[in-house]
Amino acid sequence: MNLEPAYQAYQYLLSDLYNKVHLYAQGKDKATVTSINEMAKHQALLLCLAFITAGIATVFYKRVSKQSRQKSLSLSEVVDEKQLLDNSLLKSKHQYQMLFDKNPIPMWVFDQNSYKFLQVNEAAQREYGYSQEEFLQKTILEIRPESDTDEVIKRLSEIGKENFASSVRRHKRKNGSIFYAEVSSHALPPEGNTQPRLVAAVNIHERVQALEEINKREKQLKEVSSSIPGIVYQFKLSKRKEYAFTFISEGINKLTDVSPDAIYQAPELLLQYIHPEDLALVKESVECSYKNLTPWELEFRVNHPSTKKSMWLRGHSIPTYGEDEEVTWNGTFINITKLKEAQVKLIESEASLHALLNSSPQAIFSLDQELNITMFNAVAAKEIKKFFLKDLATGQNFLDFIVPEKKACVTDSHARALKGRTVKFEEAVNDFFYEIIFRPVLNKNAEVLAVSIILRDISEHRNAIKTIKQNEAQLARAQELAKMGNFEYNALTDTLTWSDGVYKVFQVTKETFTPTLHSFKQRIHPEDRDTLQQEINRVFSQKLISNIEYCILLQNGSTRHVYQITEPTLDANNNIIKISGSIQDITERKLAEREITEAKNLLQSTIENVPEVIFSFDTSLNITYVSPQSVEITGYNENDYRNNAGLWLETMYPADRDKFLNHVVPNLLTGKRQQQEVRKIGRTGEMKWLLLRISPMKNEKGKIIRFDASASDMTQYKIAEAKRNELTEQLIRQNQNLQQFAYIVSHNLRAPIANILGLTSIYDRAKAEAPMNQRVIDGLVKSAQLLDTTIQDLNDILSIRNEENLVKEEIAFEDVLKDVLESISEKVKDIDASIEYNFKLAPTVVSVRSYVYSIIQNLVTNAIKYRSSNRKLHLNLNTTKDSDYICLRISDNGCGINLAKEKDKIFGLYKRFHSNTSGKGIGLHLVKTQAEMLGGRVEVESEVNVGTTFKVYIKA
């Protein structure tokens, strides 16, 4: 029998098995694992067939030999055939033994009766870690975990002598490690008492682990998708507009009563549940997402088949572009029906809330995180209208209604409320007091949604508390001076016991006076006896703590005031068994209260009638007292200064504040009295001058404890002083002008008059036609014209100086400059001058238009007139704000002026500094005069052959 073809097939399968094992080791591909498994089955089957063939050949060989011996055949053909068969059989045995030993799959042969190993290949030795000898000493039960022994025996008994069996079982190596193996086995022909069975075991541990991990992840995915509040899905759409759901979670069952499997088979089922009015919108949005690859987001309705009601869904998914223009969306459907219903309820709740808020007597605001007003009630709108004369509207910022010094406090309170804290404080607005509450608005999860502000008018309550506190303070001071004693009355024995202090209060001794209820009542002033008896009766009837003031009579007939506190002690039956209390002599307190009241009234009356602000502050500069006149002078009351420690210094002009802190305070701390004039800004923004007189006050140890001061309003005095200084300056200027005018009259007028007198003296009256007479007349005309020009210039200057109550208006510098340039446009064009201007920092000024025009015209024409012949004229004009002035700055690159020589003459009348240029020398004088008439001044900077800059300061 020739088995060569079978061997070649086996070799091919063995080579293919090796390649796939190698591929599995590199990639651990699941398909490869499956292929290896199938190959292992084929190998085992083929090997079993090989052994069966070998067995049949052996039987055949014996039979042939037996027949040949029986028949004693001597034919050479039979001998040759037997020899051939023997050789083939030996070769096959050798080949199949090699296939068994060198097979890469662990294989062995064991006895099904004894479970002992009969033969083991090299792959099994490598896999399990046992040698050939060790294997042959063991049974197959020893390569299985002990816990699986019963199962193995049961399994072997079940398969019995059947030809083929396979299963996946756990195996154990020599080192104790456990792995999964796919076992294929085949029964071999029995040999005597031995029942051999061939086994091939493929290690599939990694494959099992991979499958377990896949199953685990699949389970987790299902758990996650089922736990998401909605539906998780994967949806695909091809370029042929064919769509399919490749995954959809179980939540679709609750929504449509359709299972995921049904949707996988017929995805169009979902469309019938979409509300008819939303179906087109859904299709359109999906098409748009497909074309543009943009996320698909849509809110739409679906009709539930069981409830017959519409539900709102919010769909959201992200598209992914795939092969063949196929787009896959991964996303969710969320049921937002309750959200939609909540929105309707929210609108209804807001209407109810507005009605509720408007019914509240308190002003209520609702603010967002940016302090913008989102809601308010009618009272809030009324309060804003009353104090700010503005209409309140949502969207306005709450800080717009807060004074600057309080904005930080409001912002901080709002921030704390956003963190869930309620902030409450009191604030004074003019003569009113408000309790302001910042309270967080929370949702069901205690998350802050907004901040509500409640303003409650507590003026009456505040004043009442203030009165109570003052009374309590007065009472506490009086009690320190009072004497006090204790007493106890035993109701069961009718005995009264006094302490030594009570004896002192009544000014009696234990030897001369025995306290009883009767003797005690005799010491009560007749006018108070009934009242005290009624109070005692009330204690017994109502069993309450009692306190009362009454008068007592001393042995010398004088009267003392006492204060009594009584507290009953009760037994188990609620009956009074004793009364304990204290009696305090409050005569001195009563007298002190009377004196304090009278003194306070006198002091208050004095302070209120003094026209100055009387105040005190401690060594930390915190105001501790301010008289009522502060409201009249500064607009701030005592509470304003107490609630804002820095208010006194904050409302002081910075320069005065620096002087106060750096000079006045250090001197005060050394014990020196100080005086300073300061400017303060009142509540309304009005500035007032105050004269401060401050005296340091020391305690008995000589330490400065506070400063007492007065502040008198000297605003009117300062105004008068400023006007007086202004008049003085004006008088000085007028005197200077008068001197200058006298000089001009004595020089500029005298010259033409002298010429006229001289010419008239040489005039020939006898001969009118004389040639000399004509020249005399020409000279007279020229001198008269010069005299007229001089008088006209002086008249113009005097007219400017005498003008009063000129109308002021808002003037744009750019408009005035354009008017000036238009009037001299031909001249500017002829000289090709470069003129630049920038009035952005101070574009306008409220002043006299004609003066501003004249100033700009004179300075511009002067720059053109006295330009340098060596360079092109560059003229620059700009404005800036300088304290209370607008500074007009005009610079040129002209000839310049020698200020070291001509500085004092530059603004003089008829003063000229360039003889090569025509001019009268009156322009700069007019500029200075007009600037001063506008309450300003003129400054000049100049350098010869470089240029000149004029700075005209105009009162803003």
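Just so we're clear, the structure is a prediction, and the values are computed from it rather than from any experiment.

What counts as what
- Residues numbered from 1 in each chain as written.
- Predicted model: local features only at pLDDT ≥ 70, side-chain atom pairs only at ≥ 80, totals over all residues.
- Heavy atoms only, no water.
- Pairing = 2+ DSSP bridges.
- Helix = DSSP H or I, 4+ residues; strand = E, 2+ residues; numbered from the N terminus.
- Axes fitted to C-alpha atoms, helices over the stretch in contact; angles between N-to-C directions.
- Contact = heavy atoms within 4.5 Å.
- Parallel < 35°, antiparallel > 145°, perpendicular 65-115°, else oblique.
- Left-handed = near helix turned anticlockwise from the far one by under 90°.
- Buried < 20%, exposed > 50% of the residue type's maximum accessible area, 1.4 Å probe, protein only.
- Polar contact = N/O pair within 3.5 Å; in protein donor to acceptor, adjacent residues only side chain to side chain.
- Phe/Tyr/Trp six-rings, centres within 6.5 Å; stacked < 30°, edge-to-face > 60°.
- pLDDT = per-residue confidence, 0-100.
- Core = buried A, V, L, I, M, F, W, Y, C linked by side-chain atoms within 4.5 Å.

Chemist: Would you mind going over the sheet that holds strand β31 (residues 937-943) in detail, with residue names and values included?
Modeler: Reading across the sheet, the five strands line up as β27-β29-β30-β32-β31 and stay open at both edges, with mixed pairing between neighbours. Edge positions in the open sheet fall to β27 (834-838) and β31, since each of these has one partner strand only. Neighbour to neighbour, the strand axes of the sheet diverge by 15° on average, direction disregarded. Two elements, strand β30 (residues 885-892) and strand β32 (residues 947-955), share eight bridges in a ladder whose sense is antiparallel. Within β32, the position partnered with C887 by the bridge is Y953. In the packing of helix α25 (residues 813-823) onto the sheet, contacts are made with β27, β29 (874-882) and β30, and the angle to β27 comes to roughly 165°.

Chemist: Just give me the short version of the packing of α25 against helix α27 (residues 849-865), but keep the residues and values in it.
Modeler: Where α25 contacts α27, the axes come no closer than 10 Å and their chain directions differ by 55°. The angle between α25 and α27 places the two elements in the oblique class. Handedness of the α25/α27 crossing: right-handed. Facing α25, whose interface residues are F813, V816, L817, D819, V820, L821 and S823, α27 presents R849, V852, Y853, I856, Q857 and V860.

Chemist: Before we move on, could you go through the side chain of Q930 and cite the residues and values that matter?
Modeler: Residue position: Q930 is located in helix α29 (residues 923-933). On the basis of relative accessibility, which here comes to 4%, the residue Q930 falls in the buried class. At a separation of 2.9 Å, a polar atom in the side chain of Q930 contacts the side chain of S854.

Chemist: Go over the sheet that holds strand β1 (residues 107-111), please, and point to the residues and values.
Modeler: In spatial order, the strands read β2-β1-β5-β4-β3; together these five strands make up an open sheet with antiparallel pairing. Whereas interior strands pair on both sides, the edge strands pair on one side only; in this sheet they are β2 (117-120) and β3 (164-172). In this sheet, adjacent strand axes meet at a mean angle of 30° when their direction is disregarded. Looking at chain direction, β1 and strand β5 (residues 196-203) are connected through five bridges and run antiparallel. Its bridge partner lying in β5, V109 is registered against L198. Helix α6 (residues 149-159) contacts β1, β3 and β5 of the sheet and is inclined by roughly 170° relative to β3.

Chemist: Now, about the packing of aromatic side chains: what can you tell me, with residues and values included?
Modeler: Under the criterion given, the structure shown has 30 aromatic pairs. Each ring, one from F425 and one from F438, has its centre 6.0 Å from the other, and the planes form 20°; the classification is stacked. Remark: F438 occurs in strand β14 (residues 432-442) and F425 occurs in strand β13 (residues 423-429); sequence separation between them is 13 residues. A relative accessible area of 18% means that F425 is categorised as buried. For F438, a relative accessible area of 1% puts it in the buried group. Here Y885 and Y953 contribute two aromatic rings whose centre-to-centre distance is 6.4 Å and whose plane-to-plane angle is 90°, an arrangement assigned as edge-to-face. Of this pair, Y885 sits in strand β30 while Y953 sits in strand β32, placing them 68 residues apart in sequence. You can call Y953 buried: its relative accessible area is 6%. The rings of Y233, F235, Y243, F245, Y290, W296, F300, W329 and F333 are connected pair by pair, giving a single aromatic cluster.

Chemist: Account for the confidence of the model for the protein chain, with residues named and values stated.
Modeler: The predicted structure's coordinates, where accompanied by low pLDDT, should not be read in detail. Per-residue confidence for the protein chain averages 79 on the pLDDT scale, and 80% of its residues sit at or above 70. For the stretch residues 1-33, pLDDT sits under 50, and the model shows 45 contacts to residues farther than four places along the chain or on other chains.

Chemist: Let's hear about the nonpolar core: which residues, and what values?
Modeler: By size, the foremost hydrophobic cluster in this structure holds 39 residues, and its most contacted members are F813, V852, I856, L859, V860, L877 and V952. Looking at this core, the elements that each hand over two or more residues are α25, α26 (825-831), α27, β29, β30, α29, β31 and β32. A total of eight residues in this core trace back to one element, the largest contributor, which is α27. With residues near it in sequence (within four places) discarded, V852 still touches I811, F813, V816, S847, L934 and I954.

Chemist: Mind laying out the environment of A784, listing which residues take part and the relevant values?
Modeler: As for its position among the elements, A784 is in helix α24 (residues 771-802). Each C-alpha atom of the pair A784 and I756 lies 7.7 Å from the other, and the pair is 28 residues apart in sequence.

Chemist: Provide a residue-level description of the side chain of D278, including the pertinent values.
Modeler: Here D278 shows up in helix α10 (residues 276-292). Residue classification places D278 among the buried residues on the basis of a relative accessible area of 8%. Engagement of the side chain of D278 in a polar contact is seen with the backbone nitrogen of R301, the distance being 2.8 Å. When sequence neighbours within four positions are dropped, the list of residues in contact with D278 reads F300 and R301.

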